[in-house]
Amino acid sequence: MFDPSLSSGRNNRVNLSTGGASSSSSLLENVRAERLLREERIKQERAAVLIQRRWRGRREGDKVRRELLSQLDELVTSDVISSAEVERRARALVIMSRWKGSVEVTGRVDRLLMGLVRSGREVDTDHGGLRILTPLRRNADYTSVIAMILRRLLALIDQDPTSAASAEALAFLESTSDRKSYEKIGCSPAVISELVQAMGRIGWVDGLVRILAKLVIASQPKKKHPTLQPVVRLLTAPITLAPASPEPLVLEPLINRLLAFPALPSSIPLASLTHLSQTLPIFTLLLPYAASHPSILDQADLGTERGKTYLIANLVTFGITGGLLARHGSGAAAAWVKVMRHLLGGVGAGWGLWAEGDDSDDEDVDMEPAGPSLSAAIVGTVQPLPAPKRPRQTRPLLPTNISSKLLLLASPAHMSALTTVLTSPAAKAPTSLLLDFCGFALNLLYAFRGTPKWEGTLDALLVGQAGRQLMKRIWREGVRGRWSGSQHKSSWELFGQNPQASTLLLATQMYSHYLLLTPDDEFFAPNINPFSLDEVTEISAVWRDLAYWAYMSGVDDSAGEGRRMGNDDERGLITRAIVRVAERNSRRQFLPDNHWVMISRSENEAFIEAAVLEDADLMGDADAEIPENELPRHARAKQRLSKRQMAYLSPRLGLLNNLPMTVPFVTRLEIFRQFVEADKRRLRLDMRTQNQNSRYYNGATIHRDKLSEDGFRQLNNLCSFLKGRIHITFIDQFGEEEWGVDGGGLFKEFLTGLSKEVFDTERGLWLVNDQNQLYPNPHEYATEAHQLSWYSFIGRILGKALYDGILVDVSFAGFFLAKWLGRQSYLDDLNSLDAELYKGLTMLKNYTQPEDLALNFTISKDEFGVNKTVDLIPGGSDIAVTAENRAEYIQLICKYKLDRQIAAQSRAFFDGLSDLIDPKWLRMFDPKELQELIGGEEKPIDVDDLRAHTTESGFINGDTTRLFWKVVKEFDQDQRRALVQFVTSCGRPPLLGFAHLNPKFGLRFAGPDQTRLPSASSCFNLLKLPGYTDARTLKAKLLQAINSGAGFDLS
């Protein structure tokens, strides 16, 4: 077998003779060659020794194996079955089980194992216990032998769980895992605890869950496999064996393997489900352990979104459907919210839609491994623009027995139960539970975002007295006094790591939703509003500070616990809350003056300059030569960025578009004018309007008796070119061209006259509410193409007035102005459209039994005397309004009246308006401020301000003007407004005072004839005053003129 010529290295002779070498170099080569030969021989000798050793070991091992196999054959066929013989078989089995032998060896081991199963279950006549367990009386280390037998049996059963041998093996396992079996032989608790630890080490739960999965697949649709029952009992065996000393290696797989099993309750027999409910300590042991060791909620089957989803569904079945959560008090609730908070935090976007499932009756459960979990946030650093939404990952449809359980997590009953625990004095829930609950509720809202359950969850949190008490407790213990440093920049930059952030965010979510559903009367009622007005002031100041720095410093949408700064969702939430409080305050002030302002007077100039530069940078100069309507699509889109995109691109423009109230009104007005002037410079209108060949220089011939028709026909198609100069030529009633040179005043006169005609409700395009405020006519005929063209034209004309700083004496309804700003309409907005309907819906909101009113989800509308019924939702006529769905009914009514009916008309109007006015410029104002921007400020006429900014010309001396100002000073406010209306065509003073009236208010001498009445050229804001010499005559003539509307004199 081996080369006999190999011999020991020390007997080899080394030839040191140099006789055979012809030279020194050849001598060295010979020596080197002999050395290499010796080294090779040494390697061969060592290899030979190793081979011989391995060969002898293998030969001896085969010999021992044959002897053991022979003994095994004797053991299997032996009729002697004593406790000692059983122990001998068990130990031999342990040795053989470690061999990776042939099929023959494995078969012998399995036969021995089954023989041991049959003999080991028999009772020892001497000690009264099972023979397989009797050695534990004298050898504590025998637990390792028992554990190895259990592991081998689990592997054997796993091969074919439905076989008869498996049933026999399962019966053996039940006997050996029964605590009474160990008590009969006098085992100490320490030995039993050691056995349970060994069961954990061999993967007891993991093995049984694998077997469970195969049995579920093998079960018939309506008949569970009978072997499932012993398997379920065995899963709880480690708990019953050592209830006082639970083993982590057992507890953890019970949580992240057994309870993560898909549709576990419906996959096992009813008896097994009852056993689990009574034996498995979910709320007393497993959930508290998971709550204190949250890392296990991301391991094993819980490393995926699907695994977490299955665990949530199973816990809901036991806790909510089975009532176990309610039975175990605040301690169980604390563990529940901690675990659910963690699990929901690990699901991806769109999870709530997935949880809603479909209408399939298929109850089959997909047993394949779940895929990777979805990220809950955009990964990466802050981007210049919001990262585009990733396509939602395709998820397999959930069977209804899972999806229905997931929806219970957001059910009113569940939320009410948790709320009761938190607010009931008897429960004595600690503040730590409140903090965990806030995190749980936020993650639940995120998970169901985009589904009806999102709103339903908020409704459930706010319902009744418990909801108000919850908000009060969150405020008292989680928010109040904890944000004293919110005015500092660091409050937002470290927001993501602030432990108090969750309570503030949930309070913000709840109160913002409360404001959405609550009319003003209830808001100002102290016994209904969960916060006092002082508390609203305090929390809104915190929101203001955080939001200000959120827009000025940016957001961090990176995922993970390392996030420091607040993210975009949090900024958006706080912004919505601020806007809703600010809207309340604008209707009825309760906040201090300048409560929202964050820009001081000293910062105004710098802020204005920076905002204008940011806008110019955003618009760019490259498009200056191209008319807006000829810009490529991407360039036009750049001018209509959303408020969210604006916040990413420009901090100041983001602040102005999202939280304009933080900047003083006068500052925003100045910024608006600066934006317009910058736009004129960008378009080079100062040069182009002088060139009659420019597209920004246009003329119109207007017949006095066809003012609106001529204007529509000649100017509507100009679109954005209306920004330039419009030269007006009037044709009088005789068809003659009127004398005069239009230096801008004629267009103002045309615009003034046109606005009176197009906003006349007799024309059918507009209606007025009970406050005489305009809104689009909702009738169907107003949606015809020709009528929509008129709405676009009116939008352009009003945009031209705003662009040129011309005040228009028109007042719009608040809900319609809110649409200019891109805001949705809610219940309180309905008051500005239909006060009676608003009162009725407010009553319905608080009505005890809305079912008695016999309402359904329809609404009636009148079309020229014909009453029509419209379904608010498909099949609405068959859906009754109840206490549960009345909030939805109220919102649908508001949406129909405020949105759907006038959607096409509003869209056409805004399209025309946006041809001249960038939408982001308008978003710097609230509806009330926007109305002032259109028609001037609703405040008293300041005669001193008017006089200081009036030009006087033609008077021989100052007597007449001194008398004029003396008389006007004595006028009451109505008379002063009538005077301003007479001269400027608008009875309200311009924003920021008469210094900003364009052209300036003027007085011109109209001759010495004191019998004449004063006249006005409203296109030039000019009053022509005869040379009156006494105050009495001047006052009488002036009042007669302004109250009778003396005619226009073009001179």
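Criteria and cut-off values
Residues numbered from 1 in each chain as written. Predicted model: local features only at pLDDT ≥ 70, side-chain atom pairs only at ≥ 80, totals over all residues. Heavy atoms only, no water. Helix = DSSP H or I, 4+ residues; strand = E, 2+ residues; numbered from the N terminus. Buried < 20%, exposed > 50% of the residue type's maximum accessible area, 1.4 Å probe, protein only. Areas by Shrake-Rupley, 256 points an atom, 1.4 Å probe, with all protein chains shown as cover. Core = buried A, V, L, I, M, F, W, Y, C linked by side-chain atoms within 4.5 Å. Contact = heavy atoms within 4.5 Å. Axes fitted to C-alpha atoms, helices over the stretch in contact; angles between N-to-C directions. Parallel < 35°, antiparallel > 145°, perpendicular 65-115°, else oblique. Left-handed = near helix turned anticlockwise from the far one by under 90°. Nonpolar A, V, L, I, M, F, W, Y, C, P; charged D, E, K, R; others polar. Salt bridge = Lys/Arg side-chain N within 4 Å of Asp/Glu carboxyl O. pLDDT = per-residue confidence, 0-100.

### Looking at the overall build of the protein
Move 1: From N to C terminus, the protein includes 48 helices and 10 strands.
Move 2: Burial statistics for the protein: of 1051 residues in total, 51% are counted as buried.
Move 3: When the accessible surface of the protein is split by element, carbon and sulfur atoms take 51% of a total near 48,600 Å².

### Observations concerning unusual backbone geometry
Move 1: Of note in the backbone geometry, alanine 300 takes a positive phi value of approximately 55° without being a glycine.
Move 2: Inspection of the secondary structure assignment puts alanine 300 in the loop between α14 (282-292) and α15 (305-321).
Move 3: The phi dihedral of asparagine 772 is positive, around 60°, even though this residue is not glycine.
Move 4: For asparagine 772, the position within the fold is in the loop between β3 (766-768) and β4 (774-776).
Move 5: Taking relative accessible area as the criterion, asparagine 772 reaches 57% and is therefore assigned exposed.

### Notes on the nonpolar core
Move 1: In terms of nonpolar packing, the biggest core is built from 266 residues, with Ile132, Trp204, Leu212, Trp336, Phe437, Phe812 and Trp820 touching the most fellow members.
Move 2: With 11 residues, the single largest contributor to this core is helix α4 (residues 142-159).
Move 3: Here phenylalanine 812 is in contact with Phe759, Trp766, Gln773, Leu774, Leu798, Leu817, Trp820, Gln931 and Ile934, once residues within four sequence places are set aside.

### Quick word on the environment of arginine 468
Move 1: Along the chain, arginine 468 falls in helix α23 (residues 464-479).
Move 2: On the accessibility criterion, arginine 468 (25% relative accessible area) is partly exposed.
Move 3: On a C-alpha basis, the gap between arginine 468 and isoleucine 528 in space is 8.2 Å, while along the polypeptide they are 60 residues apart.
Move 4: In this view, arginine 468 contacts Asn527, Ile528 and Pro530; residues no more than four positions away in its chain are not counted.

### What about the packing of helix α20 (residues 412-423) against helix α21 (residues 431-447)?
Move 1: Where α20 contacts α21, the axes come no closer than 11 Å and their chain directions differ by 160°. In terms of their interaxial angle, α20 and α21 are classed as roughly antiparallel. Considering the relative orientation of α20 and α21, their crossing is left-handed. When α20 is examined against α21, the residues His414, Met415, Leu418, Val421 and Leu422 are found in contact with a partner set consisting of Leu433, Leu434, Phe437, Phe440 and Leu444.
Move 2: Grouping the amino acids of the contact of α20 with α21 by side-chain chemistry returns 9 nonpolar, 1 polar and no charged.

### As for the pattern of salt bridges
Move 1: Tallied over the entire structure, the rule returns 40 salt bridges.
Move 2: We note a salt bridge from aspartate 520 to arginine 587, for which the minimum N-O separation is 2.8 Å. Here arginine 587 lies in helix α28 (residues 568-587) and aspartate 520 lies in helix α26 (residues 520-523), a separation of 67 residues in the sequence.
Move 3: Judged by relative accessible area, arginine 587 falls into the partly exposed class, the value being 39%.
Move 4: With a closest N to O distance of 3.1 Å, glutamate 970 and lysine 966 form a salt bridge. In this pair, glutamate 970 and lysine 966 are both assigned in helix α46 (residues 959-970), 4 residues apart and thus about one turn of the helix distant.
Move 5: On the basis of relative accessibility, which here comes to 45%, the residue lysine 966 falls in the partly exposed class.

### Considering the packing of helix α22 (residues 452-462) against helix α25 (residues 501-517)
Move 1: One way to put it is that α22 packs onto α25 with a least axis distance of 10 Å and a crossing angle of 90°. With respect to their mutual orientation, α22 and α25 come out roughly perpendicular. Where α22 abuts α25, its residues Trp454, Glu455, Leu458, Asp459, Leu461 and Leu462 lie against Leu506, Gln509, Met510, His513, Tyr514 and Leu517.
Move 2: Here the contact of α22 with α25 is composed, by residue class, of 8 nonpolar, 2 polar and 2 charged.

### Side note on the confidence of the model for the protein
Move 1: Averaged over all residues, the pLDDT of the protein is 83; the fraction at 70 or higher stands at 86%.
Move 2: Across the protein, element-level confidence peaks in α15 with a mean pLDDT of 95 and bottoms out in helix α30 (residues 633-638) with 42.
Move 3: Segment residues 358-391 is flagged for pLDDT under 50; beyond a separation of four residues in sequence, or across chains, it makes 73 contacts in the model.
Move 4: The low-confidence segment residues 1046-1051 (pLDDT under 50) makes 20 contacts with residues lying over four places distant or belonging to another chain.

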